[in-house]
Amino acid sequence: MSVDRRAFLGAAGLCALAVTGTRSLEALAGTGRPETAPQGRRVPRWGMVVDLRRCLQADGCTDCIAACERAHNVPRLPSRAHEVKWIWREPYERAFAQRGSGYADEALRGKLVPVLCNHCDNPPCVRVCPVKATWKREDGIVMMDWHRCIGCRYCMAACPYGARSFNWLDPRPRVKEVNPDFPTRTRGVVEKCNFCEERLAQGRGPACVEACRERALAFGDLRDPGSQVREQLRSRHAMRRKPELGTEPSVYYRA
Ligand code: SF4
Ligand code: SF4
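Within any chain, residue numbers begin from 1 and follow the written order of that chain's sequence. Each chain gets a letter, beginning with A, and each ligand a number, beginning with 1, in the order they are written. Only residues with pLDDT of at least 70 are given local features in this predicted model, and only at 80 or more are side-chain atom pairs given and counted; all residues enter the totals for whole chains, interfaces and linings. Side-chain measures here rest on the full set of heavy atoms in the structure, leaving out hydrogens and waters.

1. A closer look at the environment of Asn167
Part 1 of the reasoning: The way it works is that DSSP assigns letters per residue, a run of H or I at least four long becomes a helix, a run of E at least two long becomes a strand, and they are numbered from the N terminus. Tracing the backbone through its elements, the reader meets Asn167 in the loop between strand E6 (165–166) and strand E7 (190–191).
Part 2 of the reasoning: For the pair Asn167 and Arg185, spaced 18 residues apart in sequence, the C-alpha to C-alpha distance is 8.2 Å.
Part 3 of the reasoning: Apart from residues no more than four positions distant in its own chain, Asn167 is found in contact with Pro75, Val84, Arg185, Thr186, Arg187, Gly188, Val189 and Glu191. By definition in these notes, contact holds between two residues if any of their heavy atoms fall within 4.5 Å.

What follows is the structure, given as structure tokens:
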């Protein structure tokens, strides 16, 4: 492992607090006032909006996936049984199985859509972890502590989106080019998308959002009515994955 993971997580948390309210994060958050800042403090609620029309224009593009893998030392493993996924693509019918077989979304059928951890407001993965190796931050990001994880995989069983991967093999020799600024993981721990919390702590946006040349991904503060994500959600119908489960995902899809 290139960086002490516990120290990294602690530092990232402190940095996140330090930069809240800086100009860079305000750019992500927008200009409006937050709707519900607990205890009067300015705490964002991070969320993502995926524009399926824009993403589909670049069919076959995997720039967001490659950028995430580069940023987070995600190993490339050819076998499905061993693969590690932070952001990946699913056929529309599988990602939105609850949509039924109507004709309304005919244009989307058979298309691949990007999926990732939903950073659920009500995350079942967090509830089942026996050692508190995963938890939800005040800003909504569902975190992982890879030092603490004992590899029981309860969280994987609880996640209804398949958003968590287990390192069956040592991932380190399988990372294409190690990014020294992000920790590598070991065999026997679970990992997933972290909403690029380490980049947010530096006032930057997520790597996948930055990499998308079609600007199909937007990221920002869902509590802020003036943010880009809220504007996008206002302007067109959006859906979330498996809303019937009550997990309250913070990743939205504009149809
Ligand atoms: S998508 Fe899965 S891993 Fe992510 S917060 Fe929700 S339940 Fe947890
Ligand atoms: S938000 Fe960051 S960690 Fe999550 S899929 Fe995008 S690049 Fe990967």
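2. Let's talk about the sheet that holds strand E10 (residues 251–254)
Part 1 of the reasoning: The 4 strands are arranged E8-E1-E10-E9 in an open sheet whose pairing can be described as mixed. The outermost strands of the open sheet, each flanked by one partner alone, are strand E8 (217–221) and strand E9 (238–239).
Part 2 of the reasoning: DSSP calls a pair of strands paired once it identifies at least 2 bridges connecting them. In this structure, strand E1 (residues 46–51) lies alongside E8, joined through 5 bridges in antiparallel fashion. Bridge assignment links Gly47 to a residue of E8, and that residue is Gly220.
Part 3 of the reasoning: Note on definitions: angles span 0 to 180 degrees between N-to-C directions of axes, and those axes are lines fitted to C-alpha atoms, for helices only across the stretch in contact. Docked against the sheet, helix H10 (residues 228–235) engages E1, E8, E9 and E10, running at close to 115 degrees with respect to E8.

3. Some words on the site of ligand 2
Part 1 of the reasoning: As a structural note, the neighbourhood of ligand 2 is formed by 13 residues, with Cys68, His72, Cys193, Cys196 and Cys208 the closest of them.
Part 2 of the reasoning: Only helix H4 (63–72) and helix H9 (207–211) provide two or more residues apiece to the shell around ligand 2.
Part 3 of the reasoning: Of the residues belonging to the shell around ligand 2, the class tally is 11 nonpolar, 2 polar and no charged. Note on terminology: near, applied to a residue and a molecule or strand, indicates that one of the residue's heavy atoms is within 4 Å of it. Gly counts as polar in this scheme, as do all residues outside two lists: the nonpolar Ala, Val, Leu, Ile, Met, Phe, Trp, Tyr, Cys and Pro, and the charged Asp, Glu, Lys and Arg.

4. Considering H10
Part 1 of the reasoning: Think of it in three bands: with a 1.4 Å probe and only protein chains considered, a residue is buried below 20% of the maximum accessible area for its type, exposed above 50%, and partly exposed in between. When we look at burial in H10, the residues that qualify are Val229, Arg230 and Gln232. The buried residues of H10 all sit within an arc of 160 degrees when viewed along its axis, so they share a single face. Exposed side chains of H10 directed beyond 90 degrees from the buried face belong to Arg234 and Ser235.
Part 2 of the reasoning: Check the buried side of H10 and you find it contacts E1, E8 and E10. The directions considered for the arc run from the helix axis to the C-beta atoms.

5. Remarks on the pairing of strand E3 (residues 112–116)
Part 1 of the reasoning: Taking burial as the measure, the 5 residues of E3 include 4 buried ones, the bulk of the element.
Part 2 of the reasoning: Pairing of strand E2 (residues 87–91) with E3, which is carried by 5 bridges, proceeds in the antiparallel orientation. Its bridge partner lying in E3, Arg89 is registered against Pro114.

Read these as spatial facts, not as claims about activity.
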